[in-house]
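Examining the three-dimensional arrangement
One-letter residues, chain by chain:
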2 protein chains.
Amino acid sequence: MGLTKTEIFTLEQNQISSIAKVFGHPARVAILQHLFKIDSCICGDLVGEIGLAQPTISQHLKELKKIGLIKGNITGTSICYCIDKENWSNMKTTLTAFLDQDLDDSNTCC
Amino acid sequence: MGLTKTEIFTLEQNQISSIAKVFGHPARVAILQHLFKIDSCICGDLVGEIGLAQPTISQHLKELKKIGLIKGNITGTSICYCIDKENWSNMKTTLTAFLDQDLDDSNTCC
DNA sequence: TTATTATATTGCAATATTACGATGAAAGGA
DNA sequence: TCCTTTCATCGTAATATTGCAATATAATAA
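Residues numbered from 1 in each chain as written. Chains lettered and ligands numbered in written order. Predicted model: local features only at pLDDT ≥ 70, side-chain atom pairs only at ≥ 80, totals over all residues. Heavy atoms only, no water.

Next up on the list: the pattern of salt bridges. A full pass over the atoms with the stated rule returns two salt bridges over all chains. Across the pair Asp 100 of chain B and Lys 92 of chain A runs a salt bridge whose closest N-O atoms are separated by 3.2 Å. Placement of Asp 100 of chain B in the segment after α5 (85-99) and of Lys 92 of chain A in helix α5 (residues 85-99) is noted, with the two residues assigned to different chains. Take Asp 100 of chain B: its relative accessible area is 45%, and that puts it in the partly exposed class. (Salt bridge = Lys/Arg side-chain N within 4 Å of Asp/Glu carboxyl O. Helix = DSSP H or I, 4+ residues; strand = E, 2+ residues; numbered from the N terminus. Buried < 20%, exposed > 50% of the residue type's maximum accessible area, 1.4 Å probe, protein only.)

Structure, rendered in structure tokens:
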């Protein structure tokens, strides 16, 4: 059906999967890497940097903004995007807790 | 079009997004959490644990197996799944490198 | 005002994902 | 052998995602 049954999962499980879903497209990974690399806000040069059409980039930026990982400042006709460092940090905490689950070596049945 | 243009992205970007995509569904997060919690192999009790039908669980397990995060041992009529600890560790390294990008506070334009 | 520039939104086509009933395959027990 | 249990696969319906052309919007420049 294409419709995820979110109601049967915990808040934490839904949060983790929502974050991961945003990272689940290479264009969004590339956008974030570029934002980190230039370590400053960017405007529309993402369209040139990544090889996708302007509406497609705009759509990916919307996803990133929706989950709070980036924010934008209007400066004239262009918009300056950058990482929302506080939200990025919070996201990292949530995701790291999931990734760092105990890897007990005592049990090795497989 | 629903078709991701993987060819225009780097190997690393595609790897990160492939991993994240697998985590992008709460059922798969729940399966992994359960596998960590019982810290031992499990069989088909995931169907009872999570509220999804058996074919659906089987499909999610397939995704997790495809990317190497879990492995299964046949024991009689049942199959015993568990985390592939080595692959989990490698995955964590890749993802952590992405999450731990430098958060330089010197630049605060937004 | 009109034109230009930068970004967002709309609408749509192609493809992917999610979920499950029905069925298949493989092993063990009666 | 036949039945049961356990899991995988197939087929299909409903929904989501991706990508882009066309268009809208908003700010500035001429």
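Contact with chain A, which involves 49 residues of that partner, is made by 49 residues of chain B. Joining chain A to chain B, the criterion identifies two salt bridges. Here chain A and chain B share eight residue pairs in polar contact (both at pLDDT 80 or more) between them. Here the side of chain A that touches chain B takes eight residues from helix α1 (residues 11-23) of chain A, the largest share from any one element. (Contact = heavy atoms within 4.5 Å. Polar contact = N/O pair within 3.5 Å; in protein donor to acceptor, adjacent residues only side chain to side chain.)

As a further point, take the layout of surface pockets. The probe, sized like a water molecule, is rolled over the atoms to show the empty space still left. Counted as a void, the largest pocket has a volume near 440 Å³. Every residue lining the largest pocket is counted, 13 residues in all, and those nearest its centre are Met 1, Gly 2 and Leu 3 of chain A together with His 25 and Thr 56 of chain B. By residue number, the principal contributor to the lining of the largest pocket is helix α4 (residues 54-66) of chain B, which donates four residues. Residue classes in the lining of the largest pocket are distributed as four nonpolar, six polar and three charged. (1 Å grid on protein atoms, 1.4 Å probe; cavity = no way out; pocket = protein on both sides within 12 Å on 5 of 7 lines; lining within 4 Å. Points joined across faces, edges and corners; volume = space filled by probe spheres on them. Nonpolar A, V, L, I, M, F, W, Y, C, P; charged D, E, K, R; others polar.)

Right, let's talk about the relation of the copies chain A and chain B for a bit. Turning chain A through 180° and shifting it by 0.0 Å along the axis lays it on chain B, with an RMSD of 0.1 Å. What the superposition gives is, in effect, a two-fold axis relating one chain to the other. Across chain A, the rotation axis passes nearest the C-alpha of Ala 20 of chain A, at a separation of 2.4 Å. Of the interface residues in chain A, 100% have counterparts in chain B that sit at the interface too, so the contact is made through matching surfaces. (Least-squares fit on C-alpha atoms with pLDDT ≥ 70 in both.)

Right, let's talk about the protein's contact with DNA strand C for a bit. Around DNA strand C sit 30 residues, and of these Met 1, Gly 2, Lys 5 and Tyr 81 of chain A together with Met 1 of chain B come closest. Here a base nitrogen of DNA strand C sits 3.3 Å away from a polar atom, N or O, in the side chain of Gln 59 of chain B. His 60 of chain B places a polar side-chain atom, nitrogen or oxygen, 3.0 Å from a phosphate oxygen of DNA strand C. For the surface near DNA strand C, the elements supplying multiple residues, two or more each, are α4 (54-66) and β2 (78-83) of chain A together with α4 of chain B. If one sorts the elements of the surface near DNA strand C by residue count, α4 of chain A sits on top with five residues. Taken together, the residues of the surface near DNA strand C sort by class into 11 nonpolar, 14 polar and five charged. (Near = heavy atom within 4 Å.)

So, on to the pairing of strand β1 (residues 70-75) of chain B. Residues and elements named next belong to chain B. In the sheet, β1 pairs with strand β2 (residues 78-83) via six bridges, with the strands oriented antiparallel. Considered in β2, the bridge of Asn 73 is made with Cys 80. If you look at the hairpin formed by β1 and β2, you'll find two residues sitting between the two strands, and Gly 76 has a positive phi there, around 75°. (Pairing = 2+ DSSP bridges.)

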